[in-house]
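For reference, the chains in residue letters:
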Amino acid sequence: MQSVSEDAPFTLIRSLADTAEQSCVDFLVGALKPFVQFADGAIRLSWPFLLTMLLVAYGCFLYQRPQGEGAGMRNFLKYLQFRNVWLHRSSLLDYRYLLLNGGLKAVLIAPLLISSVTVSHGILLLLTAISGPPVLATPTLPLLVAYSLCVVLAMDLGNYWSHRFHHEIPLLWQLHKVHHSAEVLNPATALRIHPLESLMNAFFATTLSGVVMGVFAYFWNDVATAKLLGLNVILLFTNVVSGNLRHSHVWFSYGRVLEHVVSSPAQHQIHHSDNPIHFDKNYAVHFSLWDWVFGSLYTTTPRPEALNFGLGDEGRAFNSVIALWTRPLLDIAGRFRGRRTQSGQA
């Protein structure tokens, strides 16, 4: 018994050392993940999607360029505002945050995530308990396409409400300021999100999409999303056409009719605008249908609107990776201290 007690401190130290070592490995893997994903072509920030972004942007450039202006590379780069946007201090912060935040999320957030598959299994077990064994019909191709659409719609609905809550609930807005503090928009700005907000976004999206997956799995055997190049065909289409242009200065409107259903890059740029008439509009990621249904829709036209982004003077506090992580937490703590002071005075 004495030897066990004597070894206990060393066992604890070894355990802590192993945990620290694994955390360091997870951090490095998370920080390097964007480079791996850029090469494998499976996410929006990978080279195929960035290439299609440039192709679509070039089409917008040809449509919007002044009459008589040449269509060469120099004018195209000027249209992209390469130096003023892509090399802006806000964009450089986005790039640093993309790497370091990936490491932090791998250590602190990833272990807390629940996958949509886990949720779907729970729904399948619940339906089985209520209604008996699954029906398990054979799915047809149209059914697989419909299933793919329903999964994305459910995921987008989850993202819609998480996004809206982060605007309308003051404490959550402190977290969401990280994203809106960007003074210019580039594709990496999409991942300028506080880790705690990422956790809440994932909870909403995976829960609702998992429910849809579980319901379909109850009625159809081996149901799966229709895929092309390994990606859900619906997400593939939206990301190819507009995914990376949402966070850019390239104005790409779908027109007022289509924008009641599908969210355009211009609509999301409106969402980032510092003009009060644009506040609390266009929360959806892929389907502006949800904005239409819930009263937050703002549609655009092919004629670009003059926009400025960021939080003004308030955004100066978000000037480093550390500030993007800690400033919201300090602001939330300050709000709680203020409430305690007020309740004490009362």
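Residues numbered from 1 in each chain as written. Predicted model: local features only at pLDDT ≥ 70, side-chain atom pairs only at ≥ 80, totals over all residues. Heavy atoms only, no water.

Concerning the confidence of the model for the protein chain
Next, step 1: Per-residue confidence for the protein chain gives a mean pLDDT of 85, with 81% of residues at or over 70.
Next, step 2: Within the protein chain, helix α12 (residues 289-294) carries the highest mean pLDDT (98), whereas helix α1 (residues 2-40) carries the lowest (57). (pLDDT = per-residue confidence, 0-100. Helix = DSSP H or I, 4+ residues; strand = E, 2+ residues; numbered from the N terminus.)

Focus on the pattern of salt bridges
Side-chain pairing between opposite charges can occur once the charged atoms of the two side chains come close.
Next, step 1: Using the criterion set out here, one finds 6 salt bridges in the structure.
Next, step 2: We note a salt bridge from Glu183 to Arg89, for which the minimum N-O separation is 3.0 Å. One end of the pair, Glu183, is in the loop between α8 (170-180) and α9 (195-219); the other, Arg89, is in helix α5 (residues 89-108), and 94 residues separate them in sequence.
Next, step 3: Under the relative-accessibility criterion, Glu183 is labelled partly exposed at 33%.
Next, step 4: Accessibility expressed as a relative area gives 59% for Arg89, which makes it exposed. (Salt bridge = Lys/Arg side-chain N within 4 Å of Asp/Glu carboxyl O. Buried < 20%, exposed > 50% of the residue type's maximum accessible area, 1.4 Å probe, protein only.)

Looking at the packing of aromatic side chains
Next, step 1: Overall, the coordinates contain 18 aromatic pairs when judged by the stated rule.
Next, step 2: Plain terms: the ring middles of Tyr97 and Trp325 are 6.4 Å apart, the flat faces sit at 50° to each other, and that makes the pair tilted. In this pair, Tyr97 sits in helix α5 while Trp325 sits in helix α13 (residues 321-345), placing the two residues 228 residues apart along the sequence. This pair shows no difference in class: Tyr97 is buried, exactly as Trp325 is. (Phe/Tyr/Trp six-rings, centres within 6.5 Å; stacked < 30°, edge-to-face > 60°.)

Side note on helix α11 (residues 265-272)
Next, step 1: Counting buried residues along α11, 8 of its 8 residues qualify, which places the element largely inside the surrounding structure.
Next, step 2: Burial in α11 covers these residues: Pro265, Ala266, Gln267, His268, Gln269, Ile270, His271 and His272.
Next, step 3: Along its buried surface, α11 packs onto α7 (141-168), α8 and α10 (233-243). (Contact = heavy atoms within 4.5 Å.)

Things to note about empty space enclosed by the protein
Next, step 1: For the structure shown, the criterion picks out 1 cavity of 30 Å³ or more.
Next, step 2: One number sums up the size of the largest cavity: a volume of about 50 Å³.
Next, step 3: What lines the largest cavity is simply Tyr79, Leu80, Gln81, Val85, Trp86, Leu185, Ser248, His249 and Val250.
Next, step 4: For the lining of the largest cavity, the secondary structure elements donating two or more residues are α3 (73-80) and α4 (82-86).
Next, step 5: Looking at the lining of the largest cavity residue by residue, the class counts come to 6 nonpolar, 3 polar and no charged. (1 Å grid on protein atoms, 1.4 Å probe; cavity = no way out; pocket = protein on both sides within 12 Å on 5 of 7 lines; lining within 4 Å. Points joined across faces, edges and corners; volume = space filled by probe spheres on them. Nonpolar A, V, L, I, M, F, W, Y, C, P; charged D, E, K, R; others polar.)

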